[in-house]
Amino acid sequence: MSVPLHLSDLLARPDLRLSVTYDVPPHLLARTVEAATVSDLLSPGKWLQGGELLMTIGLLLPVEPAACRAYVRDVAEGGAACLALGLGQGLPYQEAPEPLVTAAEEAGLPLLTVPDEVPFIAVTKAVFDARATEQRAALHRAFATQRRLTAAAAGDGLRPMLTEWTAATGVGAAVLDPLGRLLAAGEREPRTPLAQARDLLDRVAAHGLRGSASSTAGGQQLEVQPLGARRLRGLLLLTGRPDDAARSVVPGLVSLLSLELERRHLRDEPERRRRSALLSELLAEEHPAPGRARDMLHSVGLTTERVRGVVVEAVSGDGSRTRAGHDARTRATGAGSGPAAPEPADGSTAESAESAAQEMAADLALAMPGGLVRVVGGTPGGTTHGTAGGTTHDIPAGAPDRTPGGPASPVVEAVVGEDLDIRDVLARFAPGRPAGIGPVTAPEAVRVSLRQAAGLLAVSRASGEPAEARQSQASRLLLDLGDRRTLQGYADTVLGPLDLADHGEELLATLAAWLETGGAWDATSRRLGVHRHTVRNRLDKAMDLTGRRLDDPDDRFDLWLATRIRRGGTPSPGPAGRPTSATPPPIPPER
């Protein structure tokens, strides 16, 4: 540990012959002296930085008690560790004046005297020599700690390095994965419960490799550093306050831990390849037996009864990809550094797109316990290839289709348990990337879920967020796929005659209510608060103006779609605030 220079150390040096002017309490003598300076200004406080031994001959020192108190207060508020008055023949003072001694004692500022035979420069050199010795000792300790860490890095895993760090510095250390799950610690139990550091861990993880953070919890200083070379592989949690020597070693510790995590990532590649091949095998069968599909998923730890498919584009249409740092939290909250702009992938090369997809697949595999992940890329001519850990192989024709005419850039496909918060995972590990989330299904039907997820990529590109397949959302997806200007033009063509008619708003509202209640006359009447005959009369007039027929399925669908476009694709609330049907009404019965 660092041994700073204390005021008592200077008083103990016989060559300086410094003396105290009153009975200074021990805690004041334990003050750290950071520097020595000389000033005879009446108000030197604003020129101090804190921790100085301020020396003066008292050339302008006031003699009135009130003025002395003001002078001492200015010195103390400037952060001086102590005040030293030079005495001697030919100097203003041969002993410390009583008003100054009283003022210093009242303010809790140690007041020393420097004898005539000791020049101020001798005191200054003594202070800076001691500081230099302290810094050299810190440097030697830093080198020694770095050597111990390097030797530990030659061992097996993270724990030896963390144990050596804690033993050398007294600062607790733990390594966690990007999701905040503990991987190793330098002590049997982390000094601070991980729950208390959760917010800090999440904040750093959101910035990826581009930031660290510190805070205080339970009276302990906490610091989190990101780990990894090009991608975020983990988080280092330090508990305690490192001294200067330990602080200088933190970058080396981060580098060694990052190297170990990158080694682990490479060692895990065969397992990722195996799981990718297993997913391809599962999807190769058009109708796998329920027991076989469930057994395949159980063999990799995916034991939930129901699963879903997820498809993510690793490279956007403009050839950009996300940075190695995961900026999801920042994008969601707008805090801190903000989202990273898409980073140009080395453009049009297949290697760049493949690399981006493989990096994202590895991240998602880490974040999806038991999940199966693979990279799939369409190629011109319709052949689909899957990659697992860098190996490319043909995917059987039964695998989920790529979007016809879509980009040939690879996508990441995954099968995950229904209980996983997949939106949170995508926000952290695939921020800003188009993603489709298929419906929850039985393991043997996951092929269908993946197909639906792939079909939602276009919707996700348009909306800027993951699109999820749910029941009763078909109309919403249909409207999201269309260009708003084109859709509005379509609605104006169908409903334009009603816009120009007298009481056109009433006609439109009645038509929309009738369609959304499934063609129920009484329900429409109750919703609008008018008699059912009024509803019939308004609809008859609307059909005359538009040239449509309510009993014609094509006309009825055109009218339903046009009214939904006018409402922004959202059904108006029904009774008790419940949304009404999202599908066109059946052909109405004869009146």
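We now turn to the structure provided with this report. Quick caveat, the model's predicted, so the values are computed rather than measured.

All right, on to the sheet that holds strand β10 (residues 234-239) then. Taken in spatial order, the five strands of this open sheet run β7-β6-β10-β9-β8, and their pairing is antiparallel. Both outer strands of the open sheet, β7 (182-185) and β8 (213-217), are each paired with one neighbouring strand and no more. Looking at each pair of strands side by side, their axes are set apart by 25° on average, direction ignored. Two elements, strand β9 (residues 220-227) and β10, share six bridges in a ladder whose sense is antiparallel. Bridge pairing links P226 to L235 in β10. Contacts from helix α6 (residues 159-169) reach β6 (172-176), β7 and β10, with the element oriented near 160° to β6.

With that settled, the discussion passes to a nonpolar patch on the surface. Side chains of L42, L59 and L60 sit close together on the surface and give an oily, nonpolar patch of about 310 Å² of accessible area. Within the secondary structure, L42 is located in the loop between β2 (35-38) and β3 (52-56).

Here we come to the sheet that holds strand β4 (residues 82-86). In a beta sheet, neighbouring strands pair by backbone hydrogen bonds and run either parallel or antiparallel. Spatially, β1-β5-β4-β3-β2 is the arrangement adopted by the five strands of the open sheet, whose pairing is mixed. Edge strands, defined here as strands with exactly one partner in the open sheet, are β1 (19-20) and β2. One ladder, built from four bridges, connects β4 with strand β5 (residues 111-114); its direction is parallel. Across the sheet, the residue bridging to G86 is V114, located in β5. Strand contacts of helix α5 (residues 120-153): β2, β3, β4 and β5, with the helix running at about 160° to β2, the strand carrying the most contacts.

All told, the structure shown has two aromatic pairs when counted by the stated rule. Measuring from ring centre to ring centre gives 5.6 Å for W514 and W521, while their planes differ by 50°; the resulting arrangement is tilted. For the pair formed by W514 and W521, the shared burial category is buried. Where F557 meets W560, the ring centres are 5.6 Å apart and the plane angle is 35°; that geometry is what we call tilted. Remark: W560 and F557 occur in helix α21 (residues 553-566); sequence separation between them is three residues, near one turn of the helix. When its relative accessible area of 34% is taken as the criterion, F557 is described as partly exposed.

This paragraph deals with the pattern of salt bridges. Counted under the stated rule, the structure contains 33 salt bridges. Between R532 and D522 there is a salt bridge, with the nearest N and O atoms lying 3.0 Å from each other. Placement of R532 in helix α20 (residues 532-546) and of D522 in helix α19 (residues 521-528) is noted, with a sequence separation of 10 residues between them.

Its identity is not glycine, yet R17 carries a phi of approximately 55°, on the positive side. Inspection of the secondary structure assignment puts R17 in the loop between α1 (7-11) and β1. Positive phi outside glycine occurs at H503, with the angle close to 55°. Its place among the elements puts H503 in the loop between α17 (484-500) and α18 (504-516). Residue H503 is classed as exposed on the basis of its relative accessible area of 57%.

Over its 13 residues, α18 runs 18 Å from end to end, which matches the ideal 18 Å to within 8%, given 1.5 Å per residue. Buried residues dominate α18, accounting for 10 of its 13 residues. All buried positions along α18 are accounted for by G504, L507, L508, T510, L511, A512, A513, W514, L515 and E516. In the stretch just after α18, G518 is the one whose phi turns positive, near 75°.

Cut-offs and rules
- Residues numbered from 1 in each chain as written.
- Predicted model: local features only at pLDDT ≥ 70, side-chain atom pairs only at ≥ 80, totals over all residues.
- Heavy atoms only, no water.
- Pairing = 2+ DSSP bridges.
- Helix = DSSP H or I, 4+ residues; strand = E, 2+ residues; numbered from the N terminus.
- Axes fitted to C-alpha atoms, helices over the stretch in contact; angles between N-to-C directions.
- Contact = heavy atoms within 4.5 Å.
- Patch = residues over 30% accessible without salt bridge, like charges linked within 9 Å, V, L, I, M, F, W, Y side chains within 5 Å.
- Areas by Shrake-Rupley, 256 points an atom, 1.4 Å probe, with all protein chains shown as cover.
- Salt bridge = Lys/Arg side-chain N within 4 Å of Asp/Glu carboxyl O.
- Phe/Tyr/Trp six-rings, centres within 6.5 Å; stacked < 30°, edge-to-face > 60°.
- Buried < 20%, exposed > 50% of the residue type's maximum accessible area, 1.4 Å probe, protein only.
- Expected span 1.5 Å × (residues − 1).

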